[in-house]
Amino acid sequence: MWVITFTVNEYNQEGDYFDMVFDHKPTKEELDKLGYDGEHLLKGGGRKGNEYVWYYLSEMKSGQQYLRHA
């Protein structure tokens, strides 16, 4: 499965937050249609410039622990 998480650039931010899950690797078009920057997410996501919130797309297996992006 594939999950989208997001990080908020805030002092008291407590880690990545879950946003959406897919049972397949989403396409650029699917992500764009949902309001994400599909091209950026498929290249690893993360911060662009001075954004306040940035997103990650990660492949996960059932029962796998999510490790926060560094």
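Cut-offs used in this document
Residues numbered from 1 in each chain as written. Predicted model: local features only at pLDDT ≥ 70, side-chain atom pairs only at ≥ 80, totals over all residues. Heavy atoms only, no water. Helix = DSSP H or I, 4+ residues; strand = E, 2+ residues; numbered from the N terminus. Rg over C-alpha atoms; globule rule 2.2 N^0.38 Å. Buried < 20%, exposed > 50% of the residue type's maximum accessible area, 1.4 Å probe, protein only. Phe/Tyr/Trp six-rings, centres within 6.5 Å; stacked < 30°, edge-to-face > 60°. pLDDT = per-residue confidence, 0-100. Pairing = 2+ DSSP bridges. Axes fitted to C-alpha atoms, helices over the stretch in contact; angles between N-to-C directions. Patch = residues over 30% accessible without salt bridge, like charges linked within 9 Å, V, L, I, M, F, W, Y side chains within 5 Å. Areas by Shrake-Rupley, 256 points an atom, 1.4 Å probe, with all protein chains shown as cover. Salt bridge = Lys/Arg side-chain N within 4 Å of Asp/Glu carboxyl O. Contact = heavy atoms within 4.5 Å. Polar contact = N/O pair within 3.5 Å; in protein donor to acceptor, adjacent residues only side chain to side chain.

1. As for the overall build of the protein
Within the protein, the secondary structure is distributed over two helices and three strands. Mapped in sequence order, the helices and strands of the protein form the string β-β-α-α-β. Relative to a compact globule of 70 residues, whose C-alpha radius of gyration would be 11 Å, the protein shows 12 Å and is just as compact. For the C-alpha atoms alone, the extent of the protein along its principal axes is close to 35 × 30 × 15 Å. When each of the 70 residues of the protein is scored for burial, the buried share is 31%.

2. Brief notes about the packing of aromatic side chains
Counted by the stated rule, this structure contains three aromatic pairs. Aromatic ring contacts, followed pair by pair, group Phe6, Tyr17, Tyr36 and Tyr55 into a single cluster.

3. A short note on the confidence of the model for the protein
Summary statistics for the protein give a mean pLDDT of 88 and a share of 97% for residues scoring 70 or more. The spread of mean pLDDT over the elements of the protein runs between strand β3 (residues 53-59), the lowest at 91, and helix α1 (residues 28-33), the highest at 97.

4. What about the sheet that holds strand β1 (residues 2-8)?
One open sheet accounts for three strands, arranged β2-β1-β3; its pairing is antiparallel. Because the sheet does not close on itself, it has two edges, and the strands there are β2 (17-22) and β3. Direction aside, the axes of adjacent strands within the sheet are offset by 25 degrees on average. Pairing geometry for β1 and β2, over five bridges, is antiparallel. For Trp2, the partnering residue across the bridge sits in β2 and is Phe22.

5. Re a nonpolar patch on the surface
Side chains of Met1, Phe18 and Val21 sit close together on the surface and give an oily, nonpolar patch of about 300 Å² of accessible area. Inspection of the secondary structure assignment puts Val21 in strand β2.

6. So, the environment of Lys48
Relative to the elements of secondary structure, Lys48 occurs in the loop between α2 (38-42) and β3. On a C-alpha basis, the gap between Lys48 and Leu34 in space is 19 Å, while along the polypeptide they are 14 residues apart. Residues within four places of Lys48 in sequence aside, it is in contact with Asp37 and His40. A polar contact is formed between the side chain of Lys48 and the side chain of Asp37, at a distance of 2.6 Å.

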